[in-house]
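The residues making up each chain are set out below.
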Amino acid sequence: MYDTAKLGTDVIQTTTKISARNVQVYYGDTHAIKNVNVDIEAKSVTAFIGPSGCGKSTFLRCINRMNDTIDVCRVEGDINIDGEDIYDKRVDPVQLRAKVGMVFQKPNPFPKSIYDNIAYGPRIHGLAKNKSDLDEIVEKSLRRGAIWNEVKDRLHAPGTGLSGGQQQRLCIARAIATEPEVLLMDEPCSALDPIATAQVEELIDELRDQFSVVIVTHSMQQAARVSQKTAFFHLGNLVEYGDTSQIFTNPTDERTESYITGRIG
Amino acid sequence: MTDATQNTGAVAPKSSLHTLDARTKRRNAAESRFKLYGMVAIGIGLLMLVTLLTTILSKGTGAFTQTFVTMEVDLLESKLDKSGERDLEKIKKVTTFGYAPLIKSAFEKTVKTHGMETDLKSKTMAKILSKSAASQLRNYVIANPDQIGQTIEFRFLANSRVDGYMKGRVTRDSIANDKNITPAQLDFVDQLIEVGALTKTFNIDFIIGADASDQRPEAAGIGVAMMGSLFMMLVVLALALPIGVAASIYLEEFAPKNWITDIIEVNISNLAAVPSIVFGILGLAVFINYMHLPQSAPLVGGLVLTLMTLPTIIISTRAALKAVPPSIRDAALGVGASKMQAVFHHVLPLAAPGILTGTIIGLAQALGETAPLLLIGMIGFIASNMPETVGEGLLSPNSAMPAQIYEWAKRADPAFYERAWGGIIILLIFLISMNTLAVLLRRRFERRW
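Residues numbered from 1 in each chain as written. Chains lettered and ligands numbered in written order. Predicted model: local features only at pLDDT ≥ 70, side-chain atom pairs only at ≥ 80, totals over all residues. Heavy atoms only, no water.

A word on the overall build of chain B
Link 1 in the chain: When helices and strands are counted, chain B shows 20 helices and three strands.
Link 2 in the chain: Taken over the C-alpha trace, chain B has a radius of gyration of 33 Å; the compact-globule value for 449 residues is 22 Å, which it surpasses by more than 25%.
Link 3 in the chain: Its C-alpha atoms give chain B principal-axis dimensions of roughly 120 × 70 × 40 Å.
Link 4 in the chain: Residues counted as buried form 42% of the 449 residues belonging to chain B.
Link 5 in the chain: Taking the contacts inside chain B whose residues are at least 6 apart along the sequence as the reference set, 78% of them involve residues at least 24 apart. (Helix = DSSP H or I, 4+ residues; strand = E, 2+ residues; numbered from the N terminus. Rg over C-alpha atoms; globule rule 2.2 N^0.38 Å. Buried < 20%, exposed > 50% of the residue type's maximum accessible area, 1.4 Å probe, protein only. Contact = heavy atoms within 4.5 Å.)

In structure tokens form, the structure reads like this:
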């Protein structure tokens, strides 16, 4: 389905977008993420895999500080985006989240029209000067979200009336409407059927030329299909991180091998 | 197992599905018993509701009709304006006593024109009218001095005994010891009915009018108390809704979860359970004795009811906010909305139907509350009628519907008792329409998402 030969060439050109150093996350007394160091490359897809409760989603939510909304959650260590520490006191998480978009596990369109779903982000960030600007952004985002053709005739119908797969692509379109640089996806296909999953995966692959995509997934096949780099988390540790092809064919760590061969997880 | 396959069909099954075993029978019996209990419970509830409604309706509908005597009155210049100058100051000098002869002669004229036979003196005849008849006449003359010398048809309220006679409350037996009316007067009433001078019609004054003194139950209305209730509801709405919603949004969305917020939360629930009379005495101590706000004023009543309604609104608003799925907040935060934007753009609109319902139900509760109003003296007796009282507003003494009903119920004259029931009907109409509005609004807004 995908041009695997292209993989290698893309990865070589990329530079580090996000770098995490000694990241620790605590939920109250629970040590959820232990000493994670990772460099995520720009304009590529990085997949986080691992068994349930291994901390991959928690780590993902650190990258746009969504964990701030959880009272008991405490993050230590450094996470830099383009060399800037996002946990610096001067950083406003709201501004950060405009730069680091997020797509959630369950499609969660606003109970508003399709148009308003997309237009909401640009509106609050003042990206559009007037109505026609906004129309343009909405159309562009929906096109990039690969859902324009399906919804162009009913932009003012409620977004909640779409099918699950369409809703998830709408959410992706909504996330990219604010022109983020990084796109975080937390198991975006876990609530979708195989056909919708294929559409979303195709979309993720297309998004790679504009965004740095980080995707958390339960499905190893999905990680193998869409990502260039894969990180394997286990019990809060980052066990192994490397090129996807290498992780799936020739893992260095025993635990990674056990997981991808189905012995643990 | 192997036996069964060897001779198929010949083996008697352990049990037949067509006969119920003992355990199933017991289970089914228990289930039918339980259903029966449920139906009995609902039946008792419905029966009580029906009894309540029929009692209220049968006792209260009488208050909406009133007995009137229609007569032609000669507004004699010799009695009302001896000088003939039509000077308003001089006309005003004639008191209601000066009008009594006009009424008496109107009765005499009525008897004569209809050829009725009666032994009653005109003074006794005039007693079947309300005590307000003379002042009604006087008010008319002062408002229309140019009508002096004319003959005008008037509709006078009959007094409460005659009204009770028309409604079956008063009979010839029941008035044996009643010095306000005699059987002879009732005979005269019968004659008046026959000639069509005395009729029972719908009485708008009960709905829009003011309360009347103990002596004139036939003139009492609930309209002014309704205005008092309306003013109080405006105060409650203007204070309780914004304060309640702001408090719940802060507690639900922004406040850190620690022991302070826990204590606040517990105490809000406690406040909801505090008896309303406690709020009444608090209002008396704080608003009237300490802050020196005027007694009996709808402003004070509204403040007390606000205190009482706040917990209800906060609890229902928090429930409505909690019911909004967290994924909506995540979605808003995920596209870079601030917490406040997430709440005001997304969470609040979704919670609005619930908040609205809670507010309306809180208001309905406040509308029917009596005890705190008694303590702050909102049982003011307001004699002035509708147009004047509307403008009086928040700071002048007023009553409220439930307090007015209480006031009527405790007065001695049985005619007031009927008015209390009538007041309850009006109060119930308000409560039912508010609750219906709450249900309709919720339905309407919920459909949108």
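Focus: the sheet that holds strand S8 (residues 212-216) of chain A
Residue and element names in this part refer to chain A.
Link 1 in the chain: Here six strands make up an open sheet; going across it, the order is S6-S7-S8-S3-S9-S10 and the pairing mixed. Edge positions in the sheet fall to strand S6 (100-103) and strand S10 (237-243), since each has one partner strand and no second. The sheet shows a mean angle of 15 degrees between the axes of neighbouring strands, taken without regard to direction.
Link 2 in the chain: Each of S6 and strand S7 (182-186) touches helix H7 (residues 164-177); the most contacted strand, S6, lies at about 170 degrees to it. (Pairing = 2+ DSSP bridges. Axes fitted to C-alpha atoms, helices over the stretch in contact; angles between N-to-C directions.)

Focus on the packing of aromatic side chains
Link 1 in the chain: Under the criterion given, the structure shown has eleven aromatic pairs over all chains.
Link 2 in the chain: Measuring from centroid to centroid gives 5.9 Å for phenylalanine 107 of chain B and phenylalanine 188 of chain B, while their planes differ by 55 degrees, and the two rings are tilted. Taken as a pair, phenylalanine 107 of chain B in helix H5 (residues 96-114) and phenylalanine 188 of chain B in helix H9 (residues 183-195) lie far apart in primary sequence, 81 residues in all.
Link 3 in the chain: Ring geometry for phenylalanine 154 of chain B and phenylalanine 156 of chain B: centres 5.7 Å apart, planes at 15 degrees, overall stacked. The burial state of phenylalanine 154 of chain B is the same as that of phenylalanine 156 of chain B; both residues are buried.
Link 4 in the chain: Here the aromatic cluster, defined as three or more aromatic residues joined through ring pairs, consists of Phe48, Phe59 and Phe233 of chain A.
Link 5 in the chain: Note that arginine 174 of chain A overlies the ring of phenylalanine 110 of chain A, its terminal NZ or CZ placed 4.5 Å from the centroid.
Link 6 in the chain: A cation sits over an aromatic face here: arginine 411 of chain B above phenylalanine 416 of chain B, 4.6 Å from the ring centre. (Phe/Tyr/Trp six-rings, centres within 6.5 Å; stacked < 30°, edge-to-face > 60°. Lys NZ or Arg CZ within 6 Å of the ring centre and 35° of its normal.)

Observations regarding the sheet that holds strand S3 (residues 198-202) of chain B
Residue and element names in this part refer to chain B.
Link 1 in the chain: Overall, antiparallel pairing links the three strands, which are arranged S2-S1-S3 in an open sheet. Looking along the sheet, the strands with just one partner apiece sit at the ends: strand S2 (151-157) and S3. Ignoring which end each strand starts from, the neighbouring axes of this sheet average 40 degrees apart.
Link 2 in the chain: Pairing of strand S1 (residues 65-74) with S2, which is carried by seven bridges, proceeds in the antiparallel orientation. Across the sheet, the residue bridging to aspartate 74 is threonine 151, located in S2.

Considerations on the confidence of the model for chain B
Link 1 in the chain: Here chain B averages 86 in pLDDT, and 94% of its residues register 70 or above.
Link 2 in the chain: Low confidence marks residues 1-5 of chain B, where pLDDT is under 50. Its contacts with residues over four positions away, or in another chain, come to zero contacts. (pLDDT = per-residue confidence, 0-100.)

Focus on the pattern of salt bridges
Residues and elements named next belong to chain A.
Link 1 in the chain: A full pass over the atoms with the stated rule returns 35 salt bridges over all chains.
Link 2 in the chain: Here aspartate 68 and arginine 65 are joined by a salt bridge, their closest N and O atoms 2.9 Å apart.
Link 3 in the chain: For aspartate 68, a relative accessible area of 33% translates into the label partly exposed.
Link 4 in the chain: The salt bridge partner of glutamate 139 is arginine 143, with a shortest N-O separation of 2.7 Å. Separated by four residues within a single helix, glutamate 139 and arginine 143 lie in helix H5 (residues 131-144), roughly one turn from each other.
Link 5 in the chain: Exposure remark for glutamate 139: the relative accessible area of 28% places this residue in the partly exposed category.
Link 6 in the chain: Sharing partners across several salt bridges, the network here consists of Lys17, Asp82, Lys99 and Glu181. (Salt bridge = Lys/Arg side-chain N within 4 Å of Asp/Glu carboxyl O.)

Considering the interface of chain B and chain A
Link 1 in the chain: Between chain B and chain A, the contact holds 18 residues from the first and 22 residues from the second.
Link 2 in the chain: When the buried surface of chain B facing chain A is broken down by residue, Leu333, Val335 and His346 of chain B rank first, second and third, together holding 32% of it.
Link 3 in the chain: Linking chain B with chain A are zero salt bridges, by the criterion used here.
Link 4 in the chain: Where chain B meets chain A, there are six residue pairs in polar contact (both at pLDDT 80 or more).
Link 5 in the chain: Of all the elements in the fold, those that place two or more residues in the side of chain B that touches chain A are helix H15 (326-334) and helix H16 (339-367) of chain B.
Link 6 in the chain: Here the element with the most residues in the side of chain B that touches chain A is H15 of chain B; it accounts for seven residues.
Link 7 in the chain: Residues belonging to the side of chain B that touches chain A are distributed by class as follows: nine nonpolar, seven polar and two charged. (Buried area = accessible area lost by both parts, 1.4 Å probe. Polar contact = N/O pair within 3.5 Å; in protein donor to acceptor, adjacent residues only side chain to side chain. Nonpolar A, V, L, I, M, F, W, Y, C, P; charged D, E, K, R; others polar.)

A look at the environment of glycine 62 of chain B
Link 1 in the chain: Within the secondary structure, glycine 62 of chain B sits in the loop between helix H2 (22-60) and S1.
Link 2 in the chain: Separated by 105 residues in the primary sequence, glycine 62 of chain B and lysine 167 of chain B have C-alpha atoms spaced 7.1 Å apart.

Quick look at the nonpolar core
Link 1 in the chain: Core analysis: the largest hydrophobic core is formed by 52 residues, its most contacted members being Val23, Phe48 and Phe59 of chain A.
Link 2 in the chain: No other element matches H16 of chain B, which puts seven residues into this core.
Link 3 in the chain: Other than its neighbours up to four places away in sequence, valine 23 of chain A contacts Ile33, Lys34, Asn35, Val36, Phe59, Val75, Glu76, Gly77, Asp78 and Ile79 of chain A.
Link 4 in the chain: Membership of the second largest hydrophobic core comes to 49 residues, among which are Phe64, Ile222, Ala255 and Leu293 of chain B. (Core = buried A, V, L, I, M, F, W, Y, C linked by side-chain atoms within 4.5 Å.)

Overview of the environment of lysine 322 of chain B
All names here are of chain B.
Link 1 in the chain: Mapped onto the fold, lysine 322 is located in helix H14 (residues 298-323).
Link 2 in the chain: On the basis of relative accessible area, lysine 322 is assigned to the exposed category, the value being 55%.
Link 3 in the chain: Once the C-alpha coordinates of lysine 322 and glutamate 252 are considered, the two residues, 70 residues apart in sequence, prove to be 7.5 Å apart.

Here's the deal with a nonpolar patch on the surface
All names here are of chain B.
Link 1 in the chain: Together, Phe34, Leu36, Tyr37, Met39, Val40, Ile44 and Met48 give the surface a local cluster of nonpolar side chains, amounting to about 810 Å² of exposed area.
Link 2 in the chain: The topology assignment puts methionine 48 in helix H2.
Link 3 in the chain: Residue methionine 48 is classed as exposed on the basis of its relative accessible area, which comes to 57%. (Patch = residues over 30% accessible without salt bridge, like charges linked within 9 Å, V, L, I, M, F, W, Y side chains within 5 Å. Areas by Shrake-Rupley, 256 points an atom, 1.4 Å probe, with all protein chains shown as cover.)

As for helix H19 (residues 401-410) of chain B
Note that an α-helix has 3.6 residues per turn; residues three or four places apart therefore point the same way.
Residues and elements named next belong to chain B.
Link 1 in the chain: Burial analysis of H19 places seven of its ten residues in the buried class, which makes it a mostly covered element.
Link 2 in the chain: Listing the buried residues of H19 in full gives Met401, Pro402, Ala403, Gln404, Ile405, Glu407 and Trp408.
Link 3 in the chain: Structurally, H19 contributes buried residues whose contacts are with helix H10 (204-208), helix H11 (223-254), H16 and helix H20 (414-446).

Structural notes on the domain arrangement of chain B
Residue and element names in this part refer to chain B.
Link 1 in the chain: Domain annotation for chain B reports domain 1 (65-203) and domain 2 (223-445).
Link 2 in the chain: Inter-centroid distance (C-alpha atoms) of domain 1 to domain 2 is 46 Å.
Link 3 in the chain: In this assembly, seven residues from domain 1 lie in contact with five residues from domain 2.
Link 4 in the chain: Buried surface at the junction of domain 1 and domain 2, both sides included, amounts to about 390 Å², of which 31% is carbon and sulfur.
Link 5 in the chain: The interface formed by domain 1 and domain 2 includes three salt bridges.
Link 6 in the chain: The element contributing the most residues to the side of domain 1 that touches domain 2 is helix H8 (residues 160-167), with four residues.
Link 7 in the chain: By residue class, the composition of the side of domain 1 that touches domain 2 is no nonpolar, three polar and four charged. (Domains from an automatic or database assignment.)

Considering the packing of H15 of chain B against H16 of chain B
All names here are of chain B.
Link 1 in the chain: Two numbers describe how H15 lies on H16: the axes approach to 9 Å, and their chain directions differ by 145 degrees. Crossing of H15 over H16 shows right-handed handedness. Contacts from Ile328, Arg329, Ala332 and Leu333 of H15 reach H16 at Lys339, Ala342, His346, Val347 and Leu350. (Left-handed = near helix turned anticlockwise from the far one by under 90°.)

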